[in-house]
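# A structural walkthrough
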Amino acid sequence: MSRIKTTFDQLKAEGRKALIPFVTAGDPYPTETVDLLLAMAEAGADVIELGVPFSDPMADGPVIQRAGERALKHGIGLRHVLGFVREFRARNDKTPMVLMGYANPVERYGLDAFVADAKDAGVDGILIVDYPPEECEDFAAKLRAADMDAIFLLAPTSTEARMAQVGKLASGYVYYVSLKGVTGAGHLNTAAVAEAVPRIKQHVSTPVGVGFGIRDGATARAVADVSDAVVIGSKLVELLERQPADNVASTGAAFIRDIRAALDKKD
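Note that this is a predicted model, so its numbers are computed, not measured.

Here is what the cut-offs are and how they apply
As a convention, each chain's residues are numbered from 1 in the sequence order in which they are written. Totals for whole chains, interfaces and linings use all residues, but because this is a predicted model, local features are given only for residues with pLDDT of at least 70 and pairs of side-chain atoms are given and counted only at 80 or more. Calculation of side-chain values draws on the structure's entire complement of heavy atoms; hydrogens and water are dropped beforehand. Comment: elements are numbered from the N terminus, with helices defined as DSSP H or I runs of at least four residues and strands as E runs of at least two. Partly exposed describes any residue whose relative accessible area lies between the buried limit of under 20% and the exposed limit of over 50%, with all areas from a 1.4 Å probe on protein chains only and scaled to the type maximum. Classification of ring pairs rests on two measures: the distance between centres of Phe, Tyr or Trp rings, Trp counted by its six-membered ring, which must be within 6.5 Å, and the angle between planes, read as stacked under 30 degrees, edge-to-face over 60 and tilted in between. Strands were regarded as paired on the criterion that DSSP finds at least two bridges between them. It only takes one pair of heavy atoms within 4.5 Å for two residues to be counted as in contact. For helices, the fitted line uses only the C-alpha atoms of the stretch in contact; every axis is such a line through C-alpha atoms, and the angle between N-to-C directions lies from 0 to 180 degrees.

We now examine the environment of Pro132. Residue placement: Pro132 occurs in the loop between β4 (125–128) and α7 (137–145). A residue is classified by how much of its surface remains accessible, and Pro132, at 24% relative accessible area, is partly exposed. Placed 123 residues apart in sequence, Pro132 and Phe255 show a C-alpha to C-alpha distance of 33 Å.

Let us look at the packing of aromatic side chains. As enumerated under the stated definition, the model contains five aromatic pairs in all. Aromatic side chains Tyr109 and Phe114 sit 6.2 Å apart centroid to centroid with 80° between the ring planes, which places their arrangement in the edge-to-face category. Comparing Tyr109 with Phe114 shows no difference in burial state: the two are buried. Ring centres of Tyr175 and Phe212 lie 6.2 Å apart, and the angle between their planes is 80°; on these two criteria the pair is classed as edge-to-face. Highlighted residues: Tyr175 in strand β7 (residues 174–177) and Phe212 in the loop between β8 (208–211) and α10 (217–224), separated in sequence by 37 residues.

Further remarks concern unusual backbone geometry. Following Asp27, the chain continues to Pro28 via a peptide bond in cis, the omega torsion being -5°. By the secondary structure assignment, Pro28 is in the loop between β1 (18–24) and α2 (33–43). The phi dihedral of Asp147 is positive, around 60°, even though this residue is not glycine. Position of Asp147 relative to the elements: it lies in the loop between α7 and β5 (149–150). Among the residues examined, Asp147 registers a relative accessible area of 55% and is labelled exposed. Positive phi, close to 80°, is recorded for Phe212, a residue that is not glycine.

With that settled, consider the sheet that holds β1. Strands pair in a sheet through their backbones, by hydrogen bonds, and they do so in one of two ways: parallel or antiparallel. Taken together, the nine strands give an open sheet; going across it, the order is β5-β4-β3-β2-β1-β9-β8-β7-β6, and neighbouring strands pair in parallel fashion. Sheet topology places β5 and β6 (153–154) at the edges, where each strand pairs with a single neighbour. Across three bridges, β1 lies against strand β2 (residues 48–51) in parallel orientation. Opposite Val23, over in β2, you have Leu50 as the bridge partner. Contacting β2 and β3 (97–101), helix α4 (residues 78–91) crosses the sheet at an angle of about 165° to β3.

And the structure:
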C-alpha cells in the first residue's frame, strides 16, 4: 500500500482532512529545501508536493513562475530534485512526497529511467501537468508497477468523459483546480467547489484535493469542509520568497501550523 493511501486512510479514520503544501525544489535557496520539507512535515503537512523547475510553466501564475526562475538560476534540475527527495526520505520515512511538474524534463531524463530513479529516491506520486489522461495509460501503468501513484488534475471545465478517464487511471488522490486560469489567480468560490466535488466523486474512487485560491486558515477550512484535502501553494511560495535563508524552514513551518490548526479546529 502506498504512503499516500495509508495517509488518507488514517486521516479518514480520524475524521481529519489532508493538508498538502506545494513548494518549488531549490527555491528560494537550494541549501534550505530539505530542511523546509522536514519542517513542514513536522508542522502538520500530510503530503508534500515538490515542484520540478521548468522554463515554460504554462499553468503557473507569476508567484510560482518566479520560484521556478529562481530555482533554475541556481541550476536546479530533475536530478537535483530527486536528490532532495532522497535526503528528505533519509530523515522522514512517513510523509508522502509527490513530484509536480511538466513533461519536458521527464522526457529529457527518459521515462523509464525517471520512474526507476523516482522510486529509488522515495517519491510516492507523480503529477505531470501537461500529460492528459487520454495519453497516459502507459505512464500510469509504469507508476503502478513501481508502487507510485499517478495523480491528475481536474478543473471546472472538465467534462464527464475527462472525469471518467481520470477515474480509470488515477491513484493516490485527484487534484481539483478550483479556478479557471493559472495558479494564484482569482477568488475562491467555495459554493462552486461544494457542487463540483460530489460530481467528481461520481467518477473517481480516490480522495479529491482542492487547490488554487486557498490563502489562509479560513479558506482552507471552507474547502476542507467539502473535500478530502487542501492544496496550498502560491501563498506559501510568496511568503517564503521574502525570507532570508535562515528563516525559510521556520517560516514554512509556522504557516503550516496555522493552516493545520484551522483544519483541525472543532466547531
